[in-house]
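Listed here are the chains, written in short residue letters.
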Amino acid sequence: MRRSFIKGAAASAAYAPPDDADYADASSPSRESMLRQALDRIDLLERKHDGLRALTDCKIEALRHDIDTLKEENVALKWSIRQLASRVQLDWEYQEGDSIQPDEYWQGKGFDDDYITNVDSYCIKRVVSAVSHLEHGVCDTITIGRPNGGVVVLDDDALAPHWTMLSQAFWHINPHGKGVSIFFNCIQMSEGVMREICRRLCHRNINGITFHNNHFANMRDAIDQLDAALKSSKVKSLEWSANPIESPDDMALFTQLLSHRKTILDKLYFSQNSHENTWMILNGVDLKAFKLLSFSENNLQTNGREDILPDLIAANSQLESLDLSSNRLGDNDAILIGNALRVNTRLKKLILTKNNNIQERGMSALLRAVNDTSTLNTLSDSNHSCHFPGIFMYGLGLINSRGQMNRIYKLFRLMVDRYRFGEGNVQCLNEEMKDEESVLLAPYIMESIYRRHKVIIESKYQMRTHFCLGIFYELVKDWRLPELLVFREREPS
């Protein structure tokens, strides 16, 4: 549960030395004495806070030093290993070098120069490089095909020896460490090539597999083979983008594959497919174990009639990043998502850009979810973890972009804005704290303002000091602080 601002300010009394009864005692000798006690109390709290912070900072600095030392040693070790590997590679020869066909071979098949360059530079040479790095144990990423799209390299008998060499080289994948990421882009794969590659990847140390804009001779068989590749217990990420699955039966098989891997995969990129296929995943796969989900460019639309996306967010699962960009979500969807965010504390990034049907009404709902400035308490109870990168309406893209500083910054920002542009803080606080005994919170609120200001000016998100001084002056002047520190003697009933 999130703390309200006013309750949070009152909570600071729990670790303060003086007894709260001192403030409630109507027989206190003088208002001046009570004011001095309050100031001493704030000073003591400040010293305790500074002491704890100094101790914490020392420990953090020591840990940072240790981490930096380990990073330097790791970089040095990697450099030495790569230097040794590069010397060994000087004498290395690609065993299928004689199988590399000259340009005339491809020209004879009617291909133009752009296609031949694509085959040579982005397919064959990358296979040769990957085999070399794998055999010498210095490979952490394999990228075959043009990463940013382009001409698809068609299946050809002349490429078969190179696919075999690559598949055999998978046996040399280092079984230790974080594993290898593998990317296949713009490649046409026959049943035999897909089977050979995926079977050799089985039980290897692979941390992620990407298939982007590939053409498969048999989609159902390709999905079956992909399931074999995912049998590696270390595979955490799967990207399947721009590979449309046309058959509902094939998509059901793909959904079943994801369901089997739900305890292992924690990142899924499923984009540039279709609305129907995306809903099959959302309806048929338990996604609670995933930390990252991307369903961008799927023409996804609900018109607010489905509660699957809000339920996924409201479940407050392990999900930290959700990409729903470039779809057809609307205002009703944004309202349901905004409601779900009020109970979510884990989601750190929600990408909703290029959903042109989300207009002012939907954006307002998202804004209220993360920055409800109606009162200090509603702001405190807002979502302080979820960031909307790329959304500029109402400044949504800037809200919650400060990590652990989000809540502190927003509360202080509201009080600054009230002081500079609104009716002032006193009137708002009087309306928000109508209970007679709420006057006891005055010193805590001032101490809370000071602490927040101090944290902010020590961070990279600085504000001008006179804002804090202005708020203090406003409270002391208009609240008549000495009178607030003492209850007037109640007449006997």
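Every chain is numbered on its own, with residues counted from 1 as its sequence reads. Thresholds applied to this predicted model are a pLDDT of at least 70 for local features of residues and 80 or more for the giving and counting of side-chain atom pairs; totals over whole chains, interfaces and linings are not thresholded and use all residues. The side-chain figures draw on all heavy atoms in the structure; neither hydrogens nor water molecules are used.

**Section: the environment of isoleucine 449**
Right, on to step 1. Secondary structure is summarised from DSSP: a helix means a run of H or I of at least four residues, a strand means a run of E of at least two, and numbering begins at the N terminus for each. Tracing the sequence through the fold places isoleucine 449 in helix H17 (residues 442–457).
Right, on to step 2. Here the term buried applies to any residue with accessible area under 20% of the maximum for its type, exposed to any over 50%, and partly exposed to those in between, with areas from a 1.4 Å probe on protein chains only. Judged by its relative accessible area of 1%, isoleucine 449 falls in the buried class.
Right, on to step 3. In this structure, the C-alpha to C-alpha distance between isoleucine 449 and isoleucine 471, residues 22 residues apart in sequence, is 8.6 Å.
Right, on to step 4. Not counting residues within four places of it along the chain, the set of residues in contact with isoleucine 449 comprises Phe412, Met415, Cys468, Ile471 and Leu475. Throughout, a residue-residue contact means that at least one pair of heavy atoms, one from each residue, lies within 4.5 Å.

**Considerations on the packing of aromatic side chains**
Right, on to step 1. Note on aromatic pairs: the rings of Phe, Tyr and Trp (six-membered ring only in Trp) are paired at centre separations within 6.5 Å, and the planes decide the class, stacked below 30 degrees, edge-to-face beyond 60, tilted for the rest. In the structure shown here, the tally under the stated rule is eleven aromatic pairs.
Right, on to step 2. With a centroid separation of 4.1 Å and 15 degrees between ring planes, the pair formed by phenylalanine 111 and tyrosine 115 is classed as stacked.
Right, on to step 3. Residue classification places tyrosine 115 among the buried residues on the basis of a relative accessible area of 5%.
Right, on to step 4. Only when the NZ of Lys or the CZ of Arg is both within 6 Å of the ring centre and within 35 degrees of the ring normal is a charge said to sit over the ring. For the cation-ring pair, arginine 402 lies above tyrosine 409, with the distance from its terminal atom to the ring centre recorded as 3.7 Å.

**Here we look at the environment of alanine 229**
Right, on to step 1. The topology assignment puts alanine 229 in helix H8 (residues 219–229).
Right, on to step 2. A relative accessible area of 1% means that alanine 229 is categorised as buried.
Right, on to step 3. For alanine 229 and isoleucine 209, which are 20 residues apart along the polypeptide, the C-alpha to C-alpha distance reads 8.7 Å.

**Notes on the packing of helix H5 (residues 113–135) against helix H6 (residues 160–169)**
The relative placement of two packed helices comes down to the angle between their axes together with the axis-to-axis distance.
Right, on to step 1. Only the stretch in contact is used when a helix axis is fitted, and all axes are lines through C-alpha atoms; the angle between N-to-C directions ranges over 0 to 180 degrees. For the pair H5 and H6, the least separation of the axes is 9 Å and the interaxial angle reads 25 degrees. In terms of orientation, H5 and H6 fall into the roughly parallel class. In this structure, H5 crosses over H6, and the sense of that crossing is left-handed. Every residue of H6 that contacts H5 at Cys123, Ile124, Val127, Ala130, Val131 and Leu134 is listed here: His162, Trp163, Met165, Leu166 and Ala169.
Right, on to step 2. Across the contact of H5 with H6, the residue classes tally to ten nonpolar, one polar and no charged. Any angle that is under 35 degrees is reported as roughly parallel, and any over 145 degrees as roughly antiparallel; angles of 65 to 115 degrees are reported as roughly perpendicular and all others as oblique. Here a crossing is called left-handed whenever its near helix is offset anticlockwise from the far helix by less than a right angle, and right-handed whenever the offset is clockwise. Basically, the charged four are Asp, Glu, Lys and Arg, the nonpolar ten are Ala, Val, Leu, Ile, Met, Phe, Trp, Tyr, Cys and Pro, and anything else, Gly included, counts as polar.

**Regarding the sheet that holds strand S9 (residues 321–323)**
Strand pairing in a sheet takes place through backbone hydrogen bonds and is either antiparallel or parallel in direction.
Right, on to step 1. At least two DSSP bridges between two strands are required for those strands to pair. Taken in spatial order, the eight strands line up as S1-S2-S4-S6-S7-S8-S9-S10 in an open sheet, and their pairing is parallel. Single-partner strands in this sheet number two, and they are strand S1 (141–144) and strand S10 (349–351). Here the average twist between neighbouring strands, direction ignored, is 5 degrees.
Right, on to step 2. Bridge count between strand S7 (residues 267–271) and strand S8 (residues 292–294): three bridges; the pairing is parallel. Across the sheet, the residue bridging to tyrosine 269 is serine 294, located in S8.

**Thoughts on the pairing of strand S4 (residues 206–212)**
Two faces make up the sheet, and in a regular strand the side chains alternate between them.
Right, on to step 1. Of all seven residues in S4, seven are buried, a share of seventy percent or more.
Right, on to step 2. As judged from the six bridges shared by strand S2 (residues 180–185) and S4, these two strands associate in the parallel manner. Bridge assignment links asparagine 185 to a residue of S4, and that residue is histidine 212.
Right, on to step 3. Of the pairings in the sheet, the one linking S4 to strand S6 (residues 237–241) comprises five bridges and is parallel in character. If you follow isoleucine 209 over to S6, its bridge partner there is leucine 238.

**Section: the nonpolar core**
Right, on to step 1. One finds Trp163, Phe254, Ile281, Phe295, Leu324, Leu350 and Phe388 to be the most contacted residues of the largest nonpolar core, which totals 90 residues.
Right, on to step 2. Here this core takes ten residues from H5, the largest share from any one element.
Right, on to step 3. We call a set of buried Ala, Val, Leu, Ile, Met, Phe, Trp, Tyr and Cys residues a nonpolar core when their side-chain atoms join them within 4.5 Å. Core analysis: the second largest hydrophobic core is formed by 17 residues, Phe412, Leu429, Ile449 and Phe472 among them.

**Brief notes about empty space enclosed by the protein**
Right, on to step 1. The method works on a 1 Å grid over the protein atoms by themselves. A cavity is a set of points holding a 1.4 Å probe that cannot get out, a pocket is an open set with protein on both sides within 12 Å along at least five of seven lines, and residues with an atom within 4 Å of a point line them. Grid points are joined across faces, edges and corners, and a volume is the space filled by probe spheres set on the points. Taken as a whole and judged by the stated rule, the model has two cavities of 30 Å³ or more.
Right, on to step 2. A volume near 40 Å³ is recorded for the largest cavity.
Right, on to step 3. Mapped onto the lining of the largest cavity, the elements with two or more residues apiece are helix H11 (308–314) and helix H12 (331–341).
Right, on to step 4. Ranked by residue count, the leading element in the lining of the largest cavity is H12, at three residues.
Right, on to step 5. What the second largest cavity holds in volume is close to 30 Å³.
Right, on to step 6. Around the second largest cavity, the lining residues are Glu46, His49, Asp50, Glu447, Tyr450, Arg451 and Lys454.
Right, on to step 7. Breaking the lining of the second largest cavity down by element, the ones donating at least two residues are helix H3 (31–89) and H17.
Right, on to step 8. Tallying contributions element by element places H17 first for the lining of the second largest cavity, with four residues.
Right, on to step 9. Partitioning the lining of the second largest cavity into residue classes produces one nonpolar, one polar and five charged.

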